[in-house]
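Architecture at a glance
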Amino acid sequence: MRLRFAALVAAAGLALTACGGGSSAADDPNAPIRVGVSPTPHGEILEYVKDNLAEQAGIGIEIVKFDDYNRPNEAVAHGELEANFFQHVPYLDEYRKQRGGDFEWIAPVHLEPLAAYSKQFKTLQEVPNGATVTLSNDPANQFRGLKLLEQGGLIKLKPEAAVGTRLASAIAENPKNLEFKDLSPDQLPRSVDDAAVAVVNGNYAIKANLQNPIAVESPENNPYANGLVTSPTLAKDPRITKLAELLRSQQVKDFINQKWGGVAVIPAS
């Protein structure tokens, strides 16, 4: 059963920047393409493309903003969106394993380095025994957070640990007996007030205006670049191809660097 955008708004608390009427882009090659995004920074990047580049490139874009990580893929799978722009490849792979669906990764656009925040400590080394650490409950970003904590010397992961290996099953050594709590990504910024350390997804850190992280993952050879995803039937659609070119254009890279200073959001290579 096809989902209506109004139902998506009510169920997921998303905001519609534009509501697509008429036939979908899958049925009408001249129709605008509807793209689901996280509001920050993805929505801001796509709004720049829509306002400054899309018309000259000959494509129409309708933007649908989501605060939930599952709904954009559901909407693409059900044909209510032509594409989405909010996730990285490890998240998409894990989503396929857990929920199914046919998707095509088109191109990386930017990286939001994962970071750890604390109001109590200035370094990971200061975190005391028995402290509480919060991190994402989605498997891909949870493992990413554990890797960041390992790089900071707080824990040691098992050699066989990978995306989908949950918390205690992934940790080989926890010398400070840290207590880990996994939360939905949108709740992580709030946990900074109470936890000793909160490992927060980049888009939510930006939205919450979190400052001065005590640990940040390296952008070098980082597999977590966020990019454009569509359905297999639209993977070679000229509008999707053009949108990917615009998102990876020098104009967009300049916009990202000017707005976020090449720190919180970094253009993909």
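Bear in mind the structure is a predicted one, so any value in this text is a computation, not a measurement.

A word on the overall build of the protein
For the protein, the count of helices and strands is 11 helices and 14 strands. Relative to the compact-globule value of 18 Å for 269 residues, the protein shows a C-alpha radius of gyration of 19 Å, a close match. If you line up the protein on its principal axes, its C-alpha atoms span 60 × 40 × 35 Å. Considering the protein as a whole, with its 269 residues, one finds that 52% of them fall into the buried category. Long-range pairs, those at least 24 residues apart, make up 75% of the contacts in the protein with a sequence separation of at least 6. Accessible area of the protein: about 12,300 Å², with a carbon and sulfur share of 47%.

Considerations on the pairing of strand S11 (residues 197-200)
Burial along S11 is two-sided: the residues Val197 and Val199 and Ala198 and Val200 are all buried. As paired strands, strand S6 (residues 115-117) and S11 are joined by 3 bridges and run antiparallel to one another. Its bridge partner being in S11, Tyr117 is matched across the sheet by Ala198. The pairing of strand S7 (residues 132-136) with S11 spans 2 bridges and is parallel. Bridged to Val133 within S11 is Val197.

Considerations on the pattern of salt bridges
Inspection of every chain in the model, using the stated rule, returns 13 salt bridges. The salt bridge involving Lys65 is made with Glu47; its shortest N-O contact spans 2.6 Å. With Lys65 in strand S3 (residues 61-65) and Glu47 in helix H2 (residues 39-52), the pair connects residues that are 18 residues apart, well separated along the chain. Between Arg96 and Asp93 there is a salt bridge, with the nearest N and O atoms lying 3.0 Å from each other. Of the two residues, Arg96 and Asp93 both sit in helix H5 (residues 89-99), 3 residues apart, roughly one turn of that helix. Judged by relative accessible area, which is 29%, Arg96 ranks as partly exposed. Take Asp93: its relative accessible area is 33%, and that puts it in the partly exposed class. The structure contains a network of salt bridges with shared partners spanning Arg71, Glu74 and Arg99.

A closer look at unusual backbone geometry
For the bond running from Thr40 to Pro41, omega is -5°, close enough to zero to count as cis. When you line up the elements, Pro41 lands in helix H2. Positive phi is not limited to glycine here, since Leu167 has a value of about 30°. Secondary-structure assignment places Leu167 in helix H7 (residues 167-170). What makes Leu167 buried here is its relative accessible area of 16%. Non-glycine residue Asn221 carries a positive phi angle of around 50°. Within the element layout of this structure, Asn221 appears in the loop between strand S12 (215-216) and strand S13 (226-230). According to the relative accessible area criterion, Asn221 is exposed, its value standing at 79%.

Some points on helix H10 (residues 238-247)
Among the residues of H10, those classed as buried are Arg239, Ile240, Leu243, Ala244, Leu246 and Leu247. Down the axis of H10, the buried side of the element spans an arc of 160°, and every buried residue falls inside it.

Looking at the packing of H2 against helix H11 (residues 250-260)
Packing of H2 against H11 brings their axes to within 10 Å, and their N-to-C directions diverge by 135°. What the angle tells us is that H2 and H11 run oblique. Here H2 and H11 pass one another in a crossing that is right-handed. Facing Pro41, Glu44, Ile45, Tyr48 and Val49 of H2, the residues of H11 in contact are Gln251, Val252, Phe255, Ile256, Lys259 and Trp260. Split into classes, the residues belonging to the contact of H2 with H11 amount to 8 nonpolar, 1 polar and 2 charged.

Re H2
A rise of 1.5 Å per residue sets the reference length of H2, with its 14 residues, at 20 Å; its end C-alpha atoms lie 18 Å apart and thus fit the reference within 8%. Every buried residue of H2 is accounted for by Thr40, Pro41, His42, Gly43, Ile45, Leu46 and Val49.

Remarks on the confidence of the model for the protein
When pLDDT is averaged along the protein, the result is 90; 90% of the residues meet or exceed 70. Here residues 1-23 is modelled with pLDDT under 50, and outside its nearest four sequence neighbours on either side it reaches 44 contacts, counting other chains as well.

Describing the packing of aromatic side chains
Counted under the stated rule, the structure contains 8 aromatic pairs. Here the aromatic rings of Tyr69 and Tyr91 are separated by 5.8 Å at their centres, their planes lie at 75°, and the arrangement is edge-to-face. With Tyr69 in the loop between S3 and helix H4 (71-77) and Tyr91 in helix H5, this pair connects stretches of sequence that are 22 residues apart. For the pair Tyr69 and Tyr91, a shared accessibility class is recorded, and that class is buried. Between Tyr69 and Tyr204 the ring centres are 5.6 Å apart and the planes differ by 40°, which places this aromatic pair in the tilted class.

The rules behind each value
- Residues numbered from 1 in each chain as written.
- Predicted model: local features only at pLDDT ≥ 70, side-chain atom pairs only at ≥ 80, totals over all residues.
- Heavy atoms only, no water.
- Helix = DSSP H or I, 4+ residues; strand = E, 2+ residues; numbered from the N terminus.
- Rg over C-alpha atoms; globule rule 2.2 N^0.38 Å.
- Buried < 20%, exposed > 50% of the residue type's maximum accessible area, 1.4 Å probe, protein only.
- Contact = heavy atoms within 4.5 Å.
- Areas by Shrake-Rupley, 256 points an atom, 1.4 Å probe, with all protein chains shown as cover.
- Pairing = 2+ DSSP bridges.
- Salt bridge = Lys/Arg side-chain N within 4 Å of Asp/Glu carboxyl O.
- Arc of directions from axis to C-beta.
- Axes fitted to C-alpha atoms, helices over the stretch in contact; angles between N-to-C directions.
- Parallel < 35°, antiparallel > 145°, perpendicular 65-115°, else oblique.
- Left-handed = near helix turned anticlockwise from the far one by under 90°.
- Nonpolar A, V, L, I, M, F, W, Y, C, P; charged D, E, K, R; others polar.
- Expected span 1.5 Å × (residues − 1).
- pLDDT = per-residue confidence, 0-100.
- Phe/Tyr/Trp six-rings, centres within 6.5 Å; stacked < 30°, edge-to-face > 60°.

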